[in-house]
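Reading the structure
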Amino acid sequence: MIEDLEDKGILITGKESMPTWNGEPLDLRYVMECLWRPPPQLEAAVARERESSRAA
């Protein structure tokens, strides 16, 4: 299998699973904003809520 991958230009070094994360805390709010999109009928209400929470 390794030879087959190498023939295809894929080099296995053992570092492929090493994370690039530097240990900073997870920004859960940002992650949820990226993952969750409101249904179209709620999008305006969600936008208003975000604006009011940022103003506070």
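In every chain, residue numbers begin from 1 and rise along the written sequence. Thresholds applied to this predicted model are a pLDDT of at least 70 for local features of residues and 80 or more for the giving and counting of side-chain atom pairs; totals over whole chains, interfaces and linings are not thresholded and use all residues. Just so you know, side-chain values use all the structure's heavy atoms and leave hydrogens and water out.

**Regarding the overall build of the protein**
For clarity, the cut-off: Strands here mean DSSP runs of E at least two residues long; helices mean DSSP runs of H or I at least four residues long; both are numbered from the N terminus. Throughout, radius of gyration means the C-alpha value; the globule benchmark is 2.2 Å times the number of residues raised to the power 0.38. Three labels apply to residues, based on accessible area from a 1.4 Å probe with only protein chains included: buried if under 20% of the type maximum, exposed if over 50%, partly exposed otherwise in between.
Assigned secondary structure in the protein consists of three helices and zero strands. Mapped in sequence order, the helices and strands of the protein form the string α-α-α. In terms of C-alpha radius of gyration, the protein reaches 21 Å, well past the compact-globule figure of 10 Å for 56 residues. For the protein, the C-alpha atoms occupy an extent of roughly 55 × 30 × 10 Å along the three principal directions. Relative to its full complement of 56 residues, the protein shows a buried share of 4%.

**Structural notes on the pattern of salt bridges**
Selection criterion: For salt bridges, the criterion is a side-chain nitrogen of Lys or Arg within 4 Å of an Asp or Glu carboxyl oxygen.
This structure, assessed with the given rule, holds four salt bridges. Between Asp4 and Lys8 there is a salt bridge, and its shortest N-O distance comes to 3.4 Å. By relative accessible area, which is 40% here, Asp4 ends up partly exposed. The shortest N-O distance in the salt bridge between Arg54 and Glu51 comes to 3.7 Å. Of this pair, Arg54 and Glu51 are both found in helix H3 (residues 43–55), three residues apart, which corresponds to roughly one turn of the helix. What makes Arg54 exposed here is its relative accessible area of 54%. Among the charged side chains, a network of salt bridges with common partners joins Arg29, Glu33 and Arg50.

**Things to note about a nonpolar patch on the surface**
Applicable threshold: Patches here: salt-bridge-free residues with over 30% relative accessible area, like charges joined within 9 Å, nonpolar side chains (Val, Leu, Ile, Met, Phe, Trp, Tyr) joined within 5 Å. Areas reported as accessible are Shrake-Rupley estimates using a 1.4 Å probe. Residue values count occlusion only from the protein chains shown.
A cluster of nonpolar side chains, namely Leu26, Leu28, Met32, Leu35 and Trp36, defines an oily patch on the protein surface of about 590 Å² accessible area. Secondary-structure assignment places Leu35 in helix H2 (residues 28–35).

**Structural notes on the environment of Ala47**
Turning to its location among the elements, Ala47 is positioned in helix H3. In this structure Ala47 comes out as partly exposed when scored by relative accessible area, which is 39%. Between the C-alpha atom of Ala47 and that of Leu35, which follows or precedes it by 12 residues, the distance is 16 Å.

Function-wise, these values are silent; they only describe arrangement.
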